[in-house]
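# Breakdown of the fold
Spelled out, the chains give:
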Amino acid sequence: HVLASSIEDNLEPTIDNIQSSLKLSDKELTKMIVRTPELLTHKMSAENIKQRFSFLQEVLDLPEGDVASLRKYTMRRPDILVWREDSMKESQQWVKQRFVLGDARVAQMCRNMPHLLYANTTTLSNKAESIQTALSLDDEELSNLVSKFPSILFYSIEENLRPKLRYIRTRFELDEEALKNLVLKATSLFAYSDATIEKKLQFYCNLVGEREAKRMAVKSSNLLKQSLKKRLKPRLEEIQKSGVKVRWTETLMRRLAIRTNNQWERYKLGDAPRGGAAKPKEQ
């Protein structure tokens with residue numbers, strides 16, 4: 001299709017219009033076209049693109065004229081420029097009704113996972129039902145899980161979800177109810193490989209022993225969300241180099257893992273003034 005297109009009548013104007021409308025550099029434009037060459041099979045005038053931007057601002061709940069955000073989402077999913085608007089509206093409406101969510105929450109989900117706007121609703125429905133069954137979730141719990149982590153709707157039940165649930169349940173010695181509670185608190189665990197979770201758990205095991213590390217990770221799931229390379233290991237090395245001997249407790253582990261960079265620089269493992277403790281981010 002691309003080769004059959006008229007360069008003068010189709011490709012060049014489309015390329016120019018996309019680049020100028022999104023204020024893309026030549027490098028950014030090339031990256032977008034390489035990622036989604038079918039863009040070049042569509043003849044898009046400046047007016048077409050302007051209308052599409054207006055539509056995307058509505059469905060993604062973006063401020064009018066927010067070109068920076070439009071750039072962000074179109075760079076992530078360039079085909080969002082050519083998806084059928086009626087199909088996107090249908091998918092968005094399905095998400096809203098199936099999970100009983102308000103417009104703002106649905107728009108946020110679509111910003112986090114733009115592919116929701118063009119996913120097959122029958123496939124999504126089957127996936128939602130499978131997730132609900134696998135975790136014994138009621139409708140409200142399913143809605144909470146999916147709205148926090150919409151990517152889960154695109155995971156394979158047999159290849160991703162069931163093995164992940166089996167690993168978490170076995171590794172942390174959880175019953176079904178405890179497993180469900182952990183997953184609902186820490187939905188982002190599905191985005192981590194078993195090996196990544198294991199490395200983080202081993203980091204804590206080396207400090208407080210395996211049994212205590214498991215208990216703490218389940219109780220404070222944010223411990224498993226922190227980066228080993230960027231946060232946990234550098235902070236531990238800093239403490240070790242200082243020569244301070246630490247008897248690790250749950251409080252000190254949380255300070256090591258969850259304090260913001262600013263709080264860490266000011267207080268390290270020490271007590272912070274009232275109200276100065278970092279509040280963990282739930283995902």
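A short tour of the structure in this document, coming up. (Residues numbered from 1 in each chain as written. Predicted model: local features only at pLDDT ≥ 70, side-chain atom pairs only at ≥ 80, totals over all residues. Heavy atoms only, no water.)

### Considerations on the overall build of the protein chain
Heads up, the rule is: A run of DSSP states H or I qualifies as a helix once it reaches four residues; a run of E qualifies as a strand once it reaches two. Both are numbered from the N-terminal end. Buried residues are those whose accessible area, probed at 1.4 Å on protein chains only, stays under 20% of the maximum for their type, while exposed residues exceed 50% and partly exposed ones sit between those limits. When charges are counted, Lys and Arg are positive and Asp and Glu negative, with His and the chain ends excluded. In this description, the location of a charge corresponds to atom NZ of lysine, CZ of arginine, CG of aspartate or CD of glutamate.
When helices and strands are counted, the protein chain shows 15 helices and zero strands. Taking all 283 residues of the protein chain together, the buried fraction comes to 47%. Counting 49 positive and 38 negative side-chain charges, the protein chain places the centres of these two groups 9 Å from one another.

### A closer look at unusual backbone geometry
One non-glycine residue with positive phi stands out, namely K23, at about 55°. Note that K23 resides in the loop between α1 (7-22) and α2 (26-35). Phi is positive for K268, which is not a glycine, with a value near 55°. For K268, the position within the fold is in the segment after α15 (261-267).

### Considering the packing of helix α11 (residues 194-208) against helix α14 (residues 250-258)
Our working rule: Inter-axis angles, ranging from 0 to 180 degrees, are taken between N-to-C directions of lines fitted to C-alpha atoms, where helices are fitted over the stretch in contact. For a crossing to be left-handed, the near helix must be turned anticlockwise from the far one by less than a right angle; the clockwise case is right-handed. Contacts were defined at the residue level, with two residues in contact if any of their heavy atoms lie within 4.5 Å. Here the nonpolar group is Ala, Val, Leu, Ile, Met, Phe, Trp, Tyr, Cys and Pro; Asp, Glu, Lys and Arg are the charged ones; every other residue, Gly included, is treated as polar.
Following both chains from N to C, one finds α11 and α14 inclined at 145°, their axes separated by 12 Å at the closest point. Of the two elements, α11 crosses α14, and the hand of that crossing is right-handed. Residues F203, Y204, L207 and V208 of α11 pack against M253, L256 and A257 of α14. By residue class, the composition of the contact of α11 with α14 is seven nonpolar, no polar and no charged.

### Here we look at the pattern of salt bridges
Note the threshold: Note on definitions: salt bridges are taken to be side-chain nitrogens of Lys or Arg within 4 Å of carboxyl oxygens of Asp or Glu.
The full count for this structure, using the stated rule, is 20 salt bridges. Linking D86 and R84 is a salt bridge whose minimum nitrogen-to-oxygen distance equals 2.6 Å. Residue E210 pairs with K214 through a salt bridge whose shortest N-O separation is 3.0 Å. In this pair, E210 and K214 are both assigned in helix α12 (residues 210-219), four residues apart and thus about one turn of the helix distant. On the basis of relative accessibility, which here comes to 40%, the residue E210 falls in the partly exposed class. Given the relative accessible area of 8%, K214 is considered buried. Bridged by salt links that share partners, the residues R171, E173, E198, E210 and K214 form one connected network.

### Some thoughts on the nonpolar core
Cut-off, in case you're wondering: Residues grouped as a nonpolar core are buried Ala, Val, Leu, Ile, Met, Phe, Trp, Tyr and Cys residues, joined through side-chain atoms within 4.5 Å.
Counting residues in hydrophobic clusters, the biggest one holds 84 residues, and the most contacted among them are I18, F99, I131, I152 and L153. Filtering out sequence-adjacent residues up to four positions away, I152 remains in contact with K127, I131, L145, V146, L161 and F190.

### A short note on the packing of helix α8 (residues 139-148) against helix α10 (residues 176-185)
Rules: In these notes the angle categories are as follows: under 35 degrees is roughly parallel, over 145 is roughly antiparallel, 65 to 115 is roughly perpendicular, and the rest is oblique.
The N-to-C vectors of α8 and α10 enclose an angle of 40°; their axes lie 9 Å apart at closest approach. Between α8 and α10, the interaxial angle falls into the category oblique. Of α10, the residues touching α8 (which contributes E141, N144, L145 and K148) are K180, V183 and L184. Tallied by class, the residues present in the contact of α8 with α10 amount to three nonpolar, one polar and three charged.

### What to know about the side chain of K127
Counted only if it meets this: Whenever a nitrogen or oxygen atom comes within 3.5 Å of another N or O atom, the pair is scored as a polar contact, on the condition that within protein one atom can donate a hydrogen and the other can accept it, and that pairs from neighbouring residues in sequence are kept only if both atoms are in side chains.
Counting through the fold element by element, K127 comes out in helix α7 (residues 121-135). Here K127 occupies a buried position and makes no salt bridge, while the nearest side chain of opposite charge, E159, is found at 10 Å. Only 3.3 Å separates the side chain of K127 from the backbone oxygen of L153, close enough to count as a polar contact. Ignoring anything within four residues of it in the chain, the contact list for K127 reads I152, L153, F154, Y155, S156 and I157.

### Section: the packing of aromatic side chains
Any two aromatic rings considered together are summarised by their centre-to-centre distance and by the angle between their planes. To keep it simple, the criterion reads: The rule is short: rings of Phe, Tyr and Trp, with Trp giving its six-membered ring, pair when the centres are within 6.5 Å, and they are stacked under 30 degrees, edge-to-face over 60, tilted in between. The rule for a charge over a ring is simple: NZ of Lys or CZ of Arg within 6 Å of the ring centre, and within 35 degrees of the ring normal.
For the structure shown, the criterion picks out four aromatic pairs. Between the aromatic rings of W83 and Y118, the centroid separation amounts to 5.1 Å while the plane-to-plane angle is 5°, which identifies the pairing as stacked. With W83 in the loop between α4 (67-76) and α5 (85-98) and Y118 in the loop between α6 (103-112) and α7, this residue pair connects regions lying 35 residues apart in the sequence. The class for W83 is buried, based on a relative accessible area of 6%. Stacked on the ring of Y192, the Lys or Arg K200 has its end atom at 4.2 Å from the ring centre.

Function cannot be read off these values alone, since they describe shape.
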